[in-house]
Amino acid sequence: MRILITGAAGFLGSHLSAKLLDEGHQVIGMDNFVTGNPENLARLTSNPNFSFIRHDVSNFIFVPGKIDAVMHFASPASPNPASPYGYTNLPIQTMKAGALGTHNTLGVARSHKARFLLASTSEIYGDPLEHPQRETYWGHVDPIGVRSVYDEAKRFAEALTMAYHRYHGIDTRIVRIFNTYGPHMRLDDGRVVPNFMQQALRKEPLTIYGDGQQTRSFCFVSDLVDGIVRLLYSDEHDPVNIGNPAETTILRFAETINRLTNNPSGIIAQPASRLGDDPQRRQPDITRAREILKWEPKVSLDEGILNTIPYFKEKMGLA
Ligand code: NAD
Ligand code: UDP
């Protein structure tokens, strides 16, 4: 297939591009570098099956030649206002990438009769009242909360994707991605894994927002990408959760990182209000992914963190 991947210079987009190139596809990466990193393209550009277009997906998209699949991953993704790359500091761009970017990429899929895959998120469940979260749960999102620029853009993107599927017959897929980590994350995007990794490798205390009793379920990137590629190859149109159901409190997660990096400095509490409407619990129910895609994660948290440490060491000049 000849596949357009938006957000290709980002963390997930660059891993996905590499995986699809490995599978023998041609990949056209598209990105405007608002949160992405040109260094993430380095391992892709040496492949003759990879090409790149610098473009903002909020504007009309033209790609010459045939396209068989469009995968829309372009969007800021970090909630942390302490980072210039956090989506609360890029609120309009975030809404435009989710709304106009989804409209434009669906338009590309329609004009090329290509299949379409939307990168949605566990954030569409908001601060969930159902636990773990199944795809049938409608969510609990404050439409004017600080996170709403991201959550509501993704909810709109899902609605628009289903409208194109139902009205125009576009061959669409929606993946709801739960917290994913691994090499090629931006060091300064403020998400918990880059923050904790750098603090631990500098032998500093890890900054926990609130009491650390909020939970997340962390998936290693190779598992996530495997699930997404299976979804791309499937005929499933309804949303599918992809994530690792191994739930942990942020406090326990911090202790795990300190143990695996031999960091003696412990943790330090920061105000809970740091991230506004921080969801209190998050864990995917992956029954549908297991049944439909025959997929489940293979990489344990310890293994995934140990696989990620060398990347951070190298980027921090500690290797
Ligand atoms: P990232 O910030 O590393 O990558 C996003 C990429 O999109 C960046 O390269 C950025 O420059 C690009 N981009 C943003 N707006 C753009 C625009 N208007 N035009 C062109 N390019 C644009 O984040 P990520 O973690 O790789 O996330 C990728 C996708 O996966 C996002 O859609 C995000 O919502 C979704 N997602 C990620 C996670 C996760 O845990 N990593 C969880 C849920 C959903
Ligand atoms: N978090 C934290 N310290 C940090 C960064 C994040 O305690 O330095 C917490 C944050 O409050 C949230 C969780 O870690 O409960 C995950 O945050 P992240 O920014 O990675 O993404 P989210 O899952 O909230 O979208």
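This structure is a prediction, so every number in the text was calculated from the model and none was measured. (Residues numbered from 1 in each chain as written. Chains lettered and ligands numbered in written order. Predicted model: local features only at pLDDT ≥ 70, side-chain atom pairs only at ≥ 80, totals over all residues. Heavy atoms only, no water.)

Chemist: How should I be thinking about the site of ligand 2 in this particular structure?
Modeler: Taken together, 18 residues are adjacent to ligand 2, and Asn-179, Thr-207, Arg-216, Asp-278 and Arg-282 come closest. For ligand 2, an oxygen atom lies 2.6 Å from a polar atom in the side chain of Asp-278. Measuring from an oxygen atom of ligand 2, one finds a side-chain N or O atom of Arg-282 at 2.8 Å. Bound to the protein, ligand 2 loses 97% of the 520 Å² it would expose on its own. (Near = heavy atom within 4 Å. Polar contact = N/O pair within 3.5 Å; in protein donor to acceptor, adjacent residues only side chain to side chain. Areas by Shrake-Rupley, 256 points an atom, 1.4 Å probe, with all protein chains shown as cover.)

Chemist: What exactly am I supposed to notice about the packing of helix H5 (residues 192–201) against helix H9 (residues 301–315) here?
Modeler: Axes are the key here: two packed helices are described by the angle between their axes and the distance separating the axes. Viewed as axis vectors pointing N to C, H5 and H9 meet at an angle of 70°, and their least axial separation amounts to 10 Å. The orientation of H5 with respect to H9, classified from their angle, is roughly perpendicular. Two packed elements cross with a definite hand, and for H5 against H9 that hand is right-handed. Contact residues: H5 offers Pro-194, Met-197, Gln-198 and Leu-201, while H9 offers Ile-305, Thr-308, Ile-309, Phe-312 and Lys-313. (Axes fitted to C-alpha atoms, helices over the stretch in contact; angles between N-to-C directions. Helix = DSSP H or I, 4+ residues; strand = E, 2+ residues; numbered from the N terminus. Parallel < 35°, antiparallel > 145°, perpendicular 65-115°, else oblique. Left-handed = near helix turned anticlockwise from the far one by under 90°. Contact = heavy atoms within 4.5 Å.)

Chemist: Please clarify how the side chain of Arg-186 should be interpreted in this entry.
Modeler: Of note, Arg-186 is situated in the loop between strand S7 (180–181) and H5. Take Arg-186: its relative accessible area is 18%, and that puts it in the buried class. Among the polar contacts made by the side chain of Arg-186, one reaches the main-chain carbonyl oxygen of Thr-35 at a distance of 3.0 Å. For Arg-186, the side chain forms a polar contact with the side chain of Tyr-85, separated by 2.9 Å. Excluding anything up to four places from it in sequence, Arg-186 contacts Thr-35, Gly-36, Tyr-85 and Pro-194. (Buried < 20%, exposed > 50% of the residue type's maximum accessible area, 1.4 Å probe, protein only.)

Chemist: What's the story with the pattern of salt bridges in this structure? I'm lost.
Modeler: Oppositely charged side chains may form a pair once their charged atoms are brought near each other. Within this structure, the stated rule accounts for 19 salt bridges. Where Arg-288 meets Glu-236, a salt bridge forms, and the shortest distance between an N and an O atom there is 2.7 Å. Of this pair, Arg-288 sits in helix H8 (residues 287–293) while Glu-236 sits in the loop between helix H6 (221–233) and strand S11 (240–242); the two residues are 52 residues apart in sequence, bridging distant segments of the chain. By relative accessible area, Arg-288 is classed as partly exposed at 22%. Among the ionic pairs, Asp-302 bridges to Arg-259, the shortest N-O distance being 3.1 Å. Within this pair, whereas Asp-302 is found in helix H9, its partner Arg-259 is found in helix H7 (residues 250–261), the two being separated by 43 residues in sequence. On the accessibility criterion, Arg-259 (47% relative accessible area) is partly exposed. Among the ionic contacts, a cluster of salt bridges with common partners joins Glu-123, Arg-147, Arg-216, Asp-278 and Arg-282. (Salt bridge = Lys/Arg side-chain N within 4 Å of Asp/Glu carboxyl O.)

Chemist: How should I be thinking about the site of ligand 1 in this particular structure?
Modeler: Inspection of the region around ligand 1 gives 28 residues, with Leu-12, Asp-31, Thr-35, Tyr-150 and Lys-154 positioned closest. A distance of 3.0 Å separates an oxygen atom of ligand 1 from a polar backbone atom of Phe-73. The separation between an oxygen atom of ligand 1 and a polar side-chain atom of Arg-191 is 2.9 Å. Residue assignment for the shell around ligand 1 shows that the elements contributing at least two residues are helix H1 (11–22), strand S5 (115–121) and helix H4 (148–168).

Chemist: Help me out: how do you make sense of the sheet that holds strand S1 (residues 2–6) in this one?
Modeler: Paired through backbone hydrogen bonds, the strands of a sheet run either parallel or antiparallel to each other. Pairing within the open sheet is parallel, and its seven strands lie in the order S3-S2-S1-S4-S5-S6-S11. Looking at which strands have only one partner, the edges of the open sheet turn out to be strand S3 (50–54) and S11. Sheet twist, expressed as the mean angle between neighbouring strand axes with direction ignored, is 20°. Alignment of strand S2 (residues 26–31) against S3, held across five bridges, turns out to be parallel. Directly across from Met-30, in S3, lies its bridge partner Ile-53. Where H1 meets the sheet, it contacts S1, S2, S3, strand S4 (69–72) and strand S6 (172–177), and its direction lies at approximately 170° from that of S1. (Pairing = 2+ DSSP bridges.)

Chemist: I tried to follow unusual backbone geometry on my own but got confused; where do I start?
Modeler: What you tend to see is this: most non-glycine residues have negative phi, and most peptide bonds are trans. Cis peptide bonds are those with omega within 30 degrees of zero, and the linkage from His-131 to Pro-132 qualifies with -10°. Position of Pro-132 among the secondary structure elements: in the loop between S5 and H4. In this structure, Lys-113 is a non-glycine residue whose phi angle is positive, near 50°. What makes Lys-113 exposed here is its relative accessible area of 79%. Here the phi dihedral of Lys-203 falls at roughly 60°; this positive angle occurs in a residue that is not glycine. Within the secondary structure, Lys-203 is located in the loop between H5 and strand S8 (206–209). Overall, the relative accessible area of 40% leaves Lys-203 in the partly exposed class.

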